[in-house]
Amino acid sequence: MKFEVIKKSSKSHARAGKLYTNHGVIETPVFMPVGTQGTVKTLTPHMLHEINVQIILANTYHLALRPGKDLLKEKGGLHNFINWPKPILTDSGGFQVFSLSKMRHITEEGVIFRSHINGDKHLFTPESVVDLQLAFNSDIQMPLDICSPYPCTKEDAIKDLDQTVRWAKRAKDEWEKRHTGQMLFGIVQGSYYKDLREKAVEMMTELDLPGYSIGGMVPIGQINEISGFTAQLLPENKPRYLMGVGLPENLVQNIADGLDMFDCVIPTRLARHGQFFTKTGRGNIRKAEHRSNDESLEKGCACYACKNFSKSYIHHLFKANEILALTLLSYHNVYFLVNFVQNIREKILSGEF
Ligand SMILES: [Zn+2]
């Protein structure tokens, strides 16, 4: 369990680092594609290797409900089951309990909820969520937390934050007893109240965990302000992970603010709506202007989709509801973001960022 900052920018708070995990070294800053159900939608692990994806995310809530802990344990953990030998980060499932489940009841012990799949009752406790992620063999795991909704009164944000910290302490106790090199990150909550973010950092860093993440629902216009403020308070020698953020327009600022890790469903979600990233903004392959356009999604892009296929062809595939359209758009979008962050890393190393 080691994180090294190998270069600090003289122009901003940006840094380039290396995070050592049980399944290899992650060069930071890093963009992590999301594979909620143990797959990055429409892409094979082979494609992810080609794109040079270093780490993927999976979701504890979804995997705990289906296929379940016992099956994943029986199959030798998540890496083995999904045939992905590189690092995996799993989130705690707390966010999904609050966003997907129709019924949930929070007690000091944990959260009782009904599965969105079949209505079965489940209990997540800080200990059981650590236990699940150890069974998955996630390289980086997240403790059970409460992600305050938006908007949220200060009183409620304080209550959620205090509960999150009490649960994090219990998660740490369980993790310390049982881990074999898997890391547990603390989650800093506090909604959009800066003084609460400060309090959250104080309480969470007392636990001296291997890394820290910034969570919570903050309006899009305030994300950079809250994450930048919070990042400066976090320890320099630990990785800093901004959860659920990954738009190019945010990433430049977030990296300059000293954040190291990012995840977002956006590259594959946009692909399902026909959208693709370019250096000058987003395009949409459904538009009639692409119907007979022989150019690639983005001029000069070295990804498999751009090197081999025209917009005209992908437009046709999309119009015909062919799955390959989603694969090619997802491939390009994931490649775009992974390389976007990788290029910034190179600029930090060469002193240009
Ligand atoms: Zn491309």
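See the structure above.
Cut-offs used in this document
By convention here, each chain's residues receive numbers from 1 onward along its written sequence. Restriction of local features to residues with pLDDT of at least 70 applies here, the model being predicted, together with a cutoff of 80 or more for giving and counting side-chain atom pairs; totals for whole chains, interfaces and linings are based on all residues. Hydrogens and waters are ignored; side-chain quantities use all the structure's heavy atoms. Here the term donor refers to an N, O or S atom within 2.8 Å of the metal (or 3.2 Å for Na, K and Ca), and because water is left out of the atoms, sites may appear incomplete. Any site counts as irregular unless it has four donors with all angles between 85 and 135 degrees, making it tetrahedral, or four or six donors with opposite ones more than 155 degrees apart and the rest between 65 and 115, making it square planar or octahedral. For every residue, the accessible area (1.4 Å probe, protein chains only) is compared with the maximum for its type, and the residue is labelled buried under 20%, exposed over 50%, or partly exposed between those bounds. Only runs of H or I of at least four residues qualify as helices and only runs of E of at least two qualify as strands under DSSP, and these elements are numbered from the N terminus. The definition of a polar contact used here is a pair of N or O atoms within 3.5 Å, where within protein one atom must be able to donate a hydrogen and the other to accept one, and adjacent residues in sequence count solely through side-chain atom pairs. Orientation is described by axes fitted as lines to C-alpha atoms, over the contacting stretch for helices, and by angles from 0 to 180 degrees between their N-to-C directions. Roughly parallel refers to an angle under 35 degrees, roughly antiparallel to one over 145, roughly perpendicular to one between 65 and 115, and oblique to any angle outside these ranges. Each crossing gets its hand from how the near helix is turned against the far one by less than a right angle, where anticlockwise is left-handed and clockwise is right-handed. Contact criterion: two residues are considered in contact whenever any of their non-hydrogen atoms come within 4.5 Å of each other. Residues are grouped as follows: Ala, Val, Leu, Ile, Met, Phe, Trp, Tyr, Cys and Pro are nonpolar; Asp, Glu, Lys and Arg are charged; all remaining types, including Gly, are polar. Strand pairing follows a simple DSSP-based rule, namely that at least 2 bridges must link the two strands.

## Description of the coordination of the zinc ion
Thinking step 1. At 2.1 to 2.3 Å from the zinc ion lie its protein donor atoms, namely Cys301 (SG), Cys303 (SG), Cys306 (SG) and His332 (ND1).
Thinking step 2. Around the zinc ion, the four donor atoms are arranged such that angles at the metal cover 99 to 119 degrees; this shape is classified as tetrahedral.
Thinking step 3. If you list the donors of the zinc ion from N- to C-terminus, the spacing comes out as C-x1-C-x2-C-x25-H.
Thinking step 4. Here Cys303 falls in the buried class, since its relative accessible area comes to 0%.

## Some points on the side chain of Gln189
Thinking step 1. Position of Gln189 among the secondary structure elements: in the loop between strand E11 (183-188) and helix H8 (194-205).
Thinking step 2. Polar side-chain contacts of Gln189 include one of 2.8 Å to the side chain of Asp145.
Thinking step 3. There is a polar contact of 3.3 Å between the side chain of Gln189 and the backbone nitrogen of Gly216.

## With respect to the packing of helix H6 (residues 126-136) against helix H7 (residues 154-178)
Thinking step 1. Closest axis-to-axis distance for the H6/H7 pair is 8 Å, and the angle between their directions is 40 degrees. The pairing of H6 with H7 is recorded here as oblique in orientation. By crossing handedness, the relation of H6 to H7 is classed as right-handed. Each of Pro126, Glu127, Val130, Asp131 and Leu134 in H6 lies in contact with H7, whose residues at this interface are Trp167, Arg170, Ala171, Glu174, Trp175 and Arg178.
Thinking step 2. Looking at the contact of H6 with H7, its residues break down into six nonpolar, no polar and five charged.

## Digging into the pairing of strand E8 (residues 111-114)
Moving residue by residue along a regular strand, the side chains alternate between the two faces of the sheet.
Thinking step 1. Going residue by residue along E8, you find Val111 and Phe113 tucked away on one face and Ile112 and Arg114 left uncovered on the opposite face.
Thinking step 2. Direction of pairing for strand E7 (residues 104-106) relative to E8: antiparallel, over a ladder of three bridges. Residue pairing for E8: Ile106 is matched across the bridge by Val111.
Thinking step 3. Between E7 and E8, which follow one another and run antiparallel, lie four residues.
Thinking step 4. In the sheet, E8 pairs with strand E9 (residues 121-124) via four bridges, with the strands oriented antiparallel. Across the sheet, Val111 pairs through a bridge with Phe124, a residue of E9.
Thinking step 5. Hairpin geometry of E8 and E9 is characterised by an intervening segment of six residues between the two adjacent antiparallel strands and by a positive phi of about 80 degrees at Gly119.

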